[in-house]
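Commentary on secondary and tertiary structure
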Amino acid sequence: MDQVSAWLHEKNPGLDGPIGVDEDLIEARLIDSMDFLEFIDLLEEISGTSIDLQEVTIDDFRTLARVQERFLDPAGHAEVPAGHAEVPAGHAEVPAG
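**Section: the overall build of the chain**
- A tally of helices and strands in the chain yields 3 helices and 0 strands.
- Listing the helices and strands of the chain from first to last along the sequence gives α-α-α.
- Out of the 97 residues in the chain, the part that is buried amounts to 27%.
- At a minimum sequence separation of 6, the contacts of the chain that also span at least 24 residues come to 54%.
- Working note: accessible area of the chain is about 6,800 Å², and carbon and sulfur atoms make up 52% of it.

**Remarks on the environment of Arg29**
- Examined against the element boundaries, Arg29 turns out to sit in the loop between helix 1 (2-11) and helix 2 (36-47).
- Overall, Arg29 belongs to the exposed group, its relative accessible area being 70%.

**Observations regarding helix 1**
- Buried within helix 1 are the following residues: Val4, Trp7 and Leu8. Burial along helix 1 is one-sided: seen end-on, the buried residues are contained in an arc of 100°. For helix 1, the exposed residues set more than 90 degrees away from the buried face come down to Asp2 and Glu10.
- Contacts made by the buried residues of helix 1 are with helix 2 and helix 3 (64-72).

Conventions we followed
Residues numbered from 1 in each chain as written. Predicted model: local features only at pLDDT ≥ 70, side-chain atom pairs only at ≥ 80, totals over all residues. Heavy atoms only, no water. Helix = DSSP H or I, 4+ residues; strand = E, 2+ residues; numbered from the N terminus. Buried < 20%, exposed > 50% of the residue type's maximum accessible area, 1.4 Å probe, protein only. Contact = heavy atoms within 4.5 Å. Areas by Shrake-Rupley, 256 points an atom, 1.4 Å probe, with all protein chains shown as cover. Arc of directions from axis to C-beta.

So far we have only geometry, and geometry alone does not tell us how the molecule works.
Shown next, in the form of structure tokens:
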């Protein structure tokens, strides 16, 4: 989250002090439409996963707490690494052969 905070401070040089985890980044104009795609690129770089814009809403980017939960916490990632199938709970994966 330090990288996200540093990026927001870089984009908003007049910003003093820490950004609250529940501060509305969009309402406070800390992220604007010109910076939005760059912000998504930053989150993809930090998380190591791509963000499908069809799978998210603006609210997923609204606060640092939501960004952390949705994109940076391991449980928030919906993607399955290549070569791994998701097995429904209660079902064992049976090796081919």
